[in-house]
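Given next are the chains, with one letter for each unit.
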Amino acid sequence: MRMVEILVVVSIVAFLIATMVNGYQQFTDRTRMNAAVENTITLIQKARSNTLAAKATITNAPSFYGLHFDKVTEQVTMFKANKYSDASKRIETMTMPAGIEIKSVATSSPVNILGGDVLYERLTGNFNVGNGEALPSVGTSTLSYGTVTLRSKKTGVQKTIWLLPTGYAEVRNYEKILAYVVDTNDKKLKIFDVTTPTSPRFINEISTLLAGNLVGLHVDQGYAYIVDGSGGKLIKVDVRDVDNLSIAKSVSLSGASPIGGDVFASEGSVYVITGWERVSGAANTVDQIQKYRASDLALSGVTASGNDMQSIYVFEGRAYTVNSSGGGVCGGNDTLSIFDAISSAPSCLYTSASLVDDARRVAIQKIGSSVYAYVLRKDGLNKFDVTLCPGTCPAPSNLTNSVAFGDSRMGFAVLGDFAYANGGGLPFSVSNIANTPPTIVNTTFSPGTADAVYVFGNYAYVAMRSGSDDGKLIVIDVTNPTSAAPIKAGDVCIAGSHAINGGSCATANDARDIFVGYYPYE
């Protein structure tokens, strides 16, 4: 009996010791990770401030500073004069704490293949990237953002340092990259883990309890906002814990028998356009931007009525919309319109001249200090410099129609120097939007019909509705969009068992929108 008591006591003590050791190891690991992040950011800011202080110019390269990330030695080195290979130019080196590794150094612009150097533009301090010793061309390859991801070898916990276009850095934590897809066939929101793009996998889904067509999706701050087009509904799904999804709120859109369209969530508000639905083609006269409070989906204001708004994008206090015909809210046919998104009822600030063809999608991107709007039309692409709008809005530079996009082409995404479009069974097209006017650079990949395209990092995520990849969420490697055809890196079935048997999916889907982002949320 006494021996049993001794064994029990020993077991309890061993458990307590193991718990204490594990807790200590986790504490040590967190401490080392925090130190690695802090020291890395310190070097980043030193390289930037040194470049600015030196007032380096194109002809004064010796005053140019950069950082070299070495994944083999787990070191970050600040160097001068764009010459890391010259040991005499290496100014300061920081070695990662034990157990912490440099997992990746990446850029948002698919055209750049990052070797290991983060370089700073002279005078402005904006960051850029280089491969080897080559100095990037200032003004031709400025990036939207870059990332340096550090990882704990023991726990797998990652912290990502984001390099912003201004050259400043901020830290964001994430464990996975997820793709969210709405399927109007079974009225469900599906979530896929695409952290490893070559092996996407289904992880969870939730029924939206909606009766109509799911036509709009946007994810922001741990919530997915979904629009039921023909049913005239807006729902909010809690996706902060992907293992326990729940519907947080559901409301009817404002107006008599409203028809919902695109949706965008930003800065505590949710913007829904109403009046036309791209699945059924149904339309009514209640064509508005309806602004809802994100916390409880309370309606805060609406615009005046217009006609046939197709898409909305909200950026820095402005809401950008396009309409296909019949006169937009700001007036005119086939136009880009800009609204004040901060006021309770978004008011019209600007509308462009007619773009000739049906305008389908709009995307916004900030490059350096300039803001650009890109509009996908039925037969082409327009590029606007809207930096000074509504004061000064230059005329759009029109894309020559070397490839007819087709009336049903709806999938559209913009990242870095390139725009991606798909739909109508026509080729997946890649356009260089750094050019003025933009130029089509690749149309060799034809996966089939898709309304939903999202580009994240070096991959495009496409939810297919027909063609050779019918029913699949496919991942396309767009690392080198100009030099080679996009290559399908991975795929998974959107509906049914999600398994691909014999190269095809047993259950069809009707996916109409997609969103890709980091998980969990800050």
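Above: the structure in question.
Residues numbered from 1 in each chain as written. Predicted model: local features only at pLDDT ≥ 70, side-chain atom pairs only at ≥ 80, totals over all residues. Heavy atoms only, no water.

What's the story with the overall build of the protein in this structure? I'm lost.
Across its full length, the protein carries one helix and 37 strands. Within the span of the protein, comprising 522 residues, buried residues form 53% of the whole. Accessible surface, the protein as shown: approximately 20700 Å² in total, 53% of it carbon and sulfur. (Helix = DSSP H or I, 4+ residues; strand = E, 2+ residues; numbered from the N terminus. Buried < 20%, exposed > 50% of the residue type's maximum accessible area, 1.4 Å probe, protein only. Areas by Shrake-Rupley, 256 points an atom, 1.4 Å probe, with all protein chains shown as cover.)

What is the right way to look at the nonpolar core in this model?
Membership of the largest hydrophobic core comes to 22 residues, with the highest contact counts inside it found for Leu67, Val76, Met96, Leu150 and Ile161. Residue assignment for this core shows that the elements contributing at least two residues are helix H1 (2-54), strand E1 (65-70), strand E2 (75-80), strand E4 (100-107), strand E7 (146-152) and strand E8 (158-163). If one sorts the elements of this core by residue count, H1 sits on top with seven residues. Ignoring anything within four residues of it in the chain, the contact list for Met96 reads Ala36, Thr40, Glu74, Val76, Ile102 and Leu150. (Core = buried A, V, L, I, M, F, W, Y, C linked by side-chain atoms within 4.5 Å. Contact = heavy atoms within 4.5 Å.)

Looking at this structure, I do not really get unusual backbone geometry. What am I missing?
Outside of glycine, negative phi angles account for most residues, and trans bonds account for most peptide bonds. A positive phi angle, near 60°, is found at Lys187, a position not held by glycine. Among the structural elements, Lys187 can be located in the loop between strand E10 (176-183) and strand E11 (188-193). For Gln221, which is not glycine, the phi dihedral falls at a positive 50°. Following the sequence through the fold, Gln221 ends up in the loop between strand E13 (214-220) and strand E14 (223-228). The class for Gln221 is exposed, based on a relative accessible area of 54%.

Looking at this structure, I do not really get the packing of aromatic side chains. What am I missing?
Each aromatic ring pair is summarised here by two numbers: the centre-to-centre distance and the angle between the ring planes. In this structure the tally under the stated criterion is five aromatic pairs. Measuring from centroid to centroid gives 5.7 Å for Phe192 and Phe202, while their planes differ by 70°, and the two rings are edge-to-face. Residue Phe192 is located in strand E11, and its partner Phe202 is located in strand E12 (residues 201-207); the two are separated by ten residues in the primary sequence. The exposure class of Phe192 is buried, given its relative accessible area of 0%. The exposure class assigned to Phe202 is partly exposed, which follows from its relative accessible area of 26%. Among the aromatic residues, those joined into a ring-pair cluster are Tyr180, Tyr454 and Phe515. A cation sits over an aromatic face here: Lys236 above Tyr223, 4.3 Å from the ring centre. (Phe/Tyr/Trp six-rings, centres within 6.5 Å; stacked < 30°, edge-to-face > 60°. Lys NZ or Arg CZ within 6 Å of the ring centre and 35° of its normal.)

Would you take a moment to explain the environment of Ala341 for this structure?
Counting through the fold element by element, Ala341 comes out in the loop between strand E23 (336-340) and strand E24 (347-351). A sequence separation of 24 residues divides Ala341 from Gly317, and the C-alpha atoms of the two residues are 5.1 Å apart. Residues contacting Ala341, with those up to four places away along its chain left out, are Tyr271, Lys291, Val314, Gly317, Arg318 and Ala319.

Just checking my understanding: could you explain the pattern of salt bridges for this structure?
Opposite charge on two side chains permits pairing when their charged atoms draw close. Applying the stated criterion across every chain, the model contains ten salt bridges. We note a salt bridge from Glu205 to Lys188, for which the minimum N-O separation is 3.0 Å. On the criterion of sequence distance, the pair formed by Glu205 in strand E12 and Lys188 in strand E11 is long-range, its members being 17 residues apart. A residue is classified by how much of its surface remains accessible, and Glu205, at 28% relative accessible area, is partly exposed. Assessed through its relative accessible area of 24%, Lys188 is described here as partly exposed. Note that Arg361 and Asp262 form a salt bridge whose closest N and O atoms lie 3.9 Å from each other. With Arg361 in strand E25 (residues 359-367) and Asp262 in strand E17 (residues 260-266), this residue pair connects regions lying 99 residues apart in the sequence. Using a relative accessible area of 5% as the deciding quantity, one classes Asp262 as buried. Sharing partners across several salt bridges, the network here consists of Asp183, Asp186 and Lys190. (Salt bridge = Lys/Arg side-chain N within 4 Å of Asp/Glu carboxyl O.)

Can you walk me through the pairing of strand E18 (residues 269-274) in this structure?
In the case of a regular strand, side chains alternate between the two sheet surfaces. Extensive coverage of E18 is indicated by the burial of six of its six residues. By the alternation rule, side chains of E18 split into Ser269, Tyr271 and Ile273 and Val270, Val272 and Thr274, which are all buried. Two elements, E17 and E18, share five bridges in a ladder whose sense is antiparallel. Residue Ser266 lies in a different strand from E18, and its bridge partner there is Ser269. Between E17 and E18, which pair antiparallel one after the other, the connecting turn spans two residues, and Glu267 there sits at a positive phi close to 50°. (Pairing = 2+ DSSP bridges.)

For this particular structure, what's the right way to read the sheet that holds strand E20 (residues 299-302)?
Pairing between the strands of a sheet is mediated by backbone hydrogen bonds and can be parallel or antiparallel. As summarised here, the arrangement of the four strands in space is E17-E18-E19-E20, forming an open sheet in which the pairing is antiparallel. Looking at strand neighbours, the two that pair on one side only are E17 and E20, the edges of this open sheet. Taken pair by pair, the neighbouring strands of this sheet meet at an average axis angle of 20°, ignoring direction. Alignment of strand E19 (residues 289-293) against E20, held across three bridges, turns out to be antiparallel. (Axes fitted to C-alpha atoms, helices over the stretch in contact; angles between N-to-C directions.)

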